[in-house]
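Summary of the model geometry
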Amino acid sequence: MTRRFDTLLVANRGEIALRILRTARRLGLRTVAVYSDADRHSPHLAHADLACRLGPAPARESYLCIERLIDAALASGAQAVHPGYGFLAENASFAAAVQAAGLVFVGPPAQAIELMGNKAAAKVRMAAAGMPCIAGWQGGADEVPDDAALVREAMRIGFPVMVKAAAGGGGRGMRRVAKADDLPEALAMARSEAMAAFGSGQLILERAIDQARHIEIQVFADEHGSVIHLGERDCSVQRRHQKLIEEAPSPAVDAALREAMGAVAVAATRAIGYRGAGTLEFLLEPDGRFWFMEMNTRLQVEHGVTELVTGLDLVEWQLRVAQGEPLPLTQDQVRWQGHAMELRLCAEDPSRDFLPQLGEVLAWEAPPGVRADAALAAGVVVAPDYDSMLGKVMAHGASRAECIDRLVAAAQRTVLLGVRHNLAFLTACLRDPVFAEGGASTTFIERRFPGPRPPGTAAAAGGSPGRGSAVLAGRKRGRLDQCARSGRAGRARIAGHGPHRISGDARMGRRDARPGRGDARADDRDARAVRAGDAAGRWTRGRARAGAPPGAAGRSAELRARRNDPSGPVRVRGRWGAVAACARVPVRVSR
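In short, a report on the structure. (Residues numbered from 1 in each chain as written. Predicted model: local features only at pLDDT ≥ 70, side-chain atom pairs only at ≥ 80, totals over all residues. Heavy atoms only, no water.)

**A short note on the side chain of Glu246**
One can find Glu246 in strand S12 (residues 242-248). In this structure Glu246 comes out as buried when scored by relative accessible area, which is 0%. Not counting chain neighbours up to four residues away, the residues in contact with Glu246 comprise Asp234, Cys235, Glu302, Val305, Ala340, Met341, Glu342 and Arg344. (Helix = DSSP H or I, 4+ residues; strand = E, 2+ residues; numbered from the N terminus. Buried < 20%, exposed > 50% of the residue type's maximum accessible area, 1.4 Å probe, protein only. Contact = heavy atoms within 4.5 Å.)

**A short note on the pattern of salt bridges**
According to the stated counting rule, one finds 39 salt bridges in the structure shown. Here Lys164 makes a salt bridge to Glu206, at a shortest N to O gap of 2.8 Å. Of this pair, Lys164 sits in strand S7 (residues 161-165) while Glu206 sits in strand S9 (residues 203-207), and the two are 42 residues apart along the sequence. Here the two residues Lys164 and Glu206 agree in accessibility, since each one is buried. (Salt bridge = Lys/Arg side-chain N within 4 Å of Asp/Glu carboxyl O.)

**Concerning the nonpolar core**
Within the largest apolar cluster, 61 residues are counted, with the highest numbers of intra-cluster contacts made by Leu8, Leu9 and Phe94. The element best represented in this core is helix H10 (residues 314-322), accounting for six residues. Not counting residues within four places of it along the chain, the set of residues in contact with Leu9 comprises Val32, Val34, Ala72, Ala73, Ser76, Ala78, Ala80, Val81 and His82. The next biggest cluster of nonpolar side chains, apart from the first, holds 36 residues, and it includes Leu343, Val393, Ala410 and Leu416. (Core = buried A, V, L, I, M, F, W, Y, C linked by side-chain atoms within 4.5 Å.)

**Side note on empty space enclosed by the protein**
To find leftover empty space, a probe the size of one water molecule is rolled over the atoms. Inspection of the entire model under this criterion finds five cavities of 30 Å³ or more. One number sums up the size of the second largest cavity: a volume of about 60 Å³. Taken together, 14 residues make up the lining of the second largest cavity; nearest its centre are Asp234, Val237, Glu247, Phe435 and Ala440. Those elements that provide at least two residues to the lining of the second largest cavity are strand S11 (227-239) and S12. At four residues, S11 tops the list of elements feeding residues into the lining of the second largest cavity. (1 Å grid on protein atoms, 1.4 Å probe; cavity = no way out; pocket = protein on both sides within 12 Å on 5 of 7 lines; lining within 4 Å. Points joined across faces, edges and corners; volume = space filled by probe spheres on them.)

Below you can see the structure in the form of structure tokens.
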């Protein structure tokens, strides 16, 4: 079969961009990364053959700008675009624009994204396909009901009731309302939040189900008519409707229930003419009844736990399906082994109501023996422009108990200094007896950890136990902590990283470190920022003409293609040969 593309642009950032780039390069594809000014030092750039600057830090001027992404794809010679997750991954207009530009969109058809992207329309279509849906009210598919209609329907459904944004997800525009008096304020807040996040104030209502589990089924479809499922993931441990711990298989799902949920998910996926990776999300009641909530038309953040229990690479499957290949397996060939679990590592402070945190990473060391998906390194700045999730730590074991033990140990061995994070809180969740016994529902955190911080969370900078909470030179607290509290300068040995000069400002909560004796010095930031694809790992200043000079094959180059972008040109950086090969438009190649 002839390949449809040999060059892939990843229209995303951080850990998911890095994860996609690795699989794409393993499959022999030429790769293109994109970045905003805030991400010019991001580690994901070094794993691509080319790197294209999109624009300033704000997402609307970079990662959410469809025109600039299309320009970057055309300027770099990419023939396909992978959206990752978040940003434009579930934007039907983006998928259509990619296809209109003659490129392959690594995802479902734009029509399927549009259909399932609106909860009101999706519930109508899924109910028609025989999907069990939560009792509620969504009005017509294109209707934007007013508050009077919503209040009337809420009284009919009965309280408690869930108010949800029809567009988007991630817990935004969602409120649980316990009584009628609270409904008007909840509607106003949900609509305002939905407008800000998704540009639509349309709301729907659903019966609130307490003590339910959040179960999702991973599906895959190709363009040849094959649709299968890869089992379930349990995503019940959530904070404000945002997932924190995911696992596969679910401790509440047996083989019979898995088969029933999988069959419904496959039938619904086939009914909408789907293609690629997708996830159908359900609420599972204690009595075994399950109800459809929504479909995510993209790769999920938590796809790694499915990969660990199936031994499959879901990004590889996405790329092969996008090339026109059939699914690699049939349903009866899918096997699940052991148990897998994931922690979402976020820059937030559990002791301050999970307030998002900013700062510069002083040290990052992934835990040994487990899978850690992250685009972190010393010097990376956690900025306010994007989501607070920094990465994911995953473990696999023969049993659920073994998996938990491995994940607890991994969290304790993770080194992340300079930015407060939530690993200590997640470790406390893993150790909780209700979770350990498999009894966590979607209300687990609010019931088990109602206070601002669970028992056992670390107060030290970095916020994780063990080495991750500033265990310096084998001591529970070192001079880094002392200097940070007092604001004095000093020197401390960060575990495994040699001595660093430390300065702290207790009032501002800052941590600054400079490499000291015994610590390898990094290249300057300008060098690291533009080393994408450069075999030497360094950007050498200077200039060269468009004609390749002697010995240029392994050297760095920069392509600047000025298209109709008033803010400046699209820039493409990488190895000389890769840059020169992508010149489908008039360009200047500079050294």
